[in-house]
Amino acid sequence: MSELVVLGSGTGVPWEGRGAPGYLLRAEGVNLLLDCGPGTIRSAARWGADPGRVDGVLLTHFHPDHTLGVPELLFALGNARFAGRSPLLLAGPRGLRELLDHWRGGPQGRWLSPRGVSVRVREIAPGEHEILGFRVRAVAVRHARESLAYSVRGPGSDAALAYTGDTGPCAGAVEAARGAEILLAECSFPDGWEGKDHLTPSSVGRIAARARPRRLLLTHFYPEVEEEPVEEIVARFFAGPVERVRDGARYPLGGRGPAAPGG
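Scope of this entry: the structure provided in the associated data block.

### Some thoughts on the overall build of the protein chain
Line of reasoning, step 1. A count of helices and strands for the protein chain gives seven helices and 14 strands.
Line of reasoning, step 2. Taken along the three principal axes of its C-alpha coordinates, the protein chain extends 55 × 40 × 35 Å.
Line of reasoning, step 3. Residue pairs at least 24 apart in sequence account for 63% of intrachain contacts in the protein chain once pairs closer than 6 positions are excluded.
Line of reasoning, step 4. Working note: accessible area of the protein chain is about 11400 Å², and carbon and sulfur atoms make up 50% of it.
Line of reasoning, step 5. Where the 31 positive side-chain charges of the protein chain centre and where its 30 negative ones centre are 5 Å apart.

This is the structure:
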């Protein structure tokens, strides 16, 4: 059985109780990070995946709040205790190699090529992929030029986790989420803040109503949306279970609800 662990349900704006975007998907001993914002690897270690146990990172796009944990991870892997571990896979949209070269080309770049640890980079386009045993379908969505949403199935499982990453209302978000057991969707701003690049409770509800996942989990909250009756607004469009996630929550894929956060 696969498990989703929420490592950070916030944005690039620091807010009490919500870290930058990052999620841990684990199945059959494999730990895959979905996005990796600042502080993600500290949260991953708290929930059972220290840098030596992170097998890969799958990025949706390259904005700093979703990626700056990657240099942190590479720097941490320079510690001698991690030498000889299995290769780390960095996967994401086209342009990922250029981003990594940019980081490594700066004055601190030598610290981002950990000795004794092989780092593999894989750029993916929209379509079907196999990543560390996970079956991944990538779909282009409206946000940054390179943005992808993902539908992910663990080894030997037909239960799909759909993750929008950052997106505006678009057909791609519906396509990625269609038929998923869990749709993990951004819900950045209150209704009335509609734009092309992010979702509000109403636009999330419309996407879920079309895609019909079994369960909708809301994440990526800016402070402005925290006091909104998000679940009530979404329920005007989507009849299934809906929940705003919290950092540390764990959700089994194939289970009935979240496990209690640990200490």
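### Quick word on the nonpolar core
Line of reasoning, step 1. Formed by 29 residues in total, the largest nonpolar core has its most connected members in Leu58, Phe134, Tyr150, Leu161 and Tyr251.
Line of reasoning, step 2. In this structure, Tyr150 is in contact with Leu58, Leu59, Thr60, Gly92, Pro93, Ile124, Val136, Arg137, Ala138, Leu161, Ala162 and Tyr163, ignoring residues within four places of it in sequence.

### Points about the sheet that holds strand S13 (residues 242–244)
Line of reasoning, step 1. The mixed open sheet is built from seven strands, whose spatial order is S7-S8-S9-S10-S11-S12-S13. Whereas interior strands pair on both sides, the edge strands pair on one side only; in this sheet they are strand S7 (127–131) and S13. Adjacent strand axes in the sheet meet at a mean angle of 20 degrees when their direction is disregarded.

### So, the pairing of strand S6 (residues 119–124)
Residues in a regular strand project their side chains so that they alternate between the two faces of the sheet.
Line of reasoning, step 1. Judged from the six bridges that link them, strand S5 (residues 88–93) and S6 form a sheet pairing that is parallel. When the sheet's bridge partners are listed, Pro93 is paired in S6 with Ile124.
Line of reasoning, step 2. Note on the crossover from S5 through helix H4 (residues 96–104) to S6: the handedness is right-handed.

### A few points about the sheet that holds strand S2 (residues 22–27)
Line of reasoning, step 1. Taken in spatial order, the seven strands of this open sheet run S6-S5-S4-S3-S2-S1-S14, and their pairing is mixed. The two strands at the open ends of the sheet, each matched to only one other strand, are S6 and strand S14 (250–253). Taking the axes of each pair of neighbouring strands and ignoring which way they run, one obtains an average angle of 20 degrees across the sheet.
Line of reasoning, step 2. Two strands pair when backbone bridges link them, and S2 and strand S3 (residues 30–36) are joined in this way by six bridges, in the antiparallel orientation. Counterpart to Gly22 in the pairing with S3 is Cys36.

### A word on the packing of aromatic side chains
Line of reasoning, step 1. Inspection of the entire model under this criterion finds four aromatic pairs.
Line of reasoning, step 2. Geometrically, the ring pair formed by Phe189 and Trp193 is stacked, given 5.3 Å between the ring centres and 10 degrees between the ring planes.
Line of reasoning, step 3. On the basis of relative accessible area, Phe189 is assigned to the buried category, the value being 16%.
Line of reasoning, step 4. Plain terms: the ring middles of Phe189 and Tyr222 are 4.6 Å apart, the flat faces sit at 10 degrees to each other, and that makes the pair stacked.

### So, unusual backbone geometry
Line of reasoning, step 1. The backbone of Asp35 sits at a positive phi, close to 65 degrees, despite the residue not being glycine.
Line of reasoning, step 2. Along the polypeptide, Asp35 turns up in strand S3.

Cut-offs used in this document
Residues numbered from 1 in each chain as written. Predicted model: local features only at pLDDT ≥ 70, side-chain atom pairs only at ≥ 80, totals over all residues. Heavy atoms only, no water. Helix = DSSP H or I, 4+ residues; strand = E, 2+ residues; numbered from the N terminus. Contact = heavy atoms within 4.5 Å. Areas by Shrake-Rupley, 256 points an atom, 1.4 Å probe, with all protein chains shown as cover. Lys, Arg positive; Asp, Glu negative; His and termini not counted. Charge placed at Lys NZ, Arg CZ, Asp CG, Glu CD. Core = buried A, V, L, I, M, F, W, Y, C linked by side-chain atoms within 4.5 Å. Buried < 20%, exposed > 50% of the residue type's maximum accessible area, 1.4 Å probe, protein only. Pairing = 2+ DSSP bridges. Axes fitted to C-alpha atoms, helices over the stretch in contact; angles between N-to-C directions. Right-handed = clockwise from strand over helix to strand, strands pointing away. Phe/Tyr/Trp six-rings, centres within 6.5 Å; stacked < 30°, edge-to-face > 60°.

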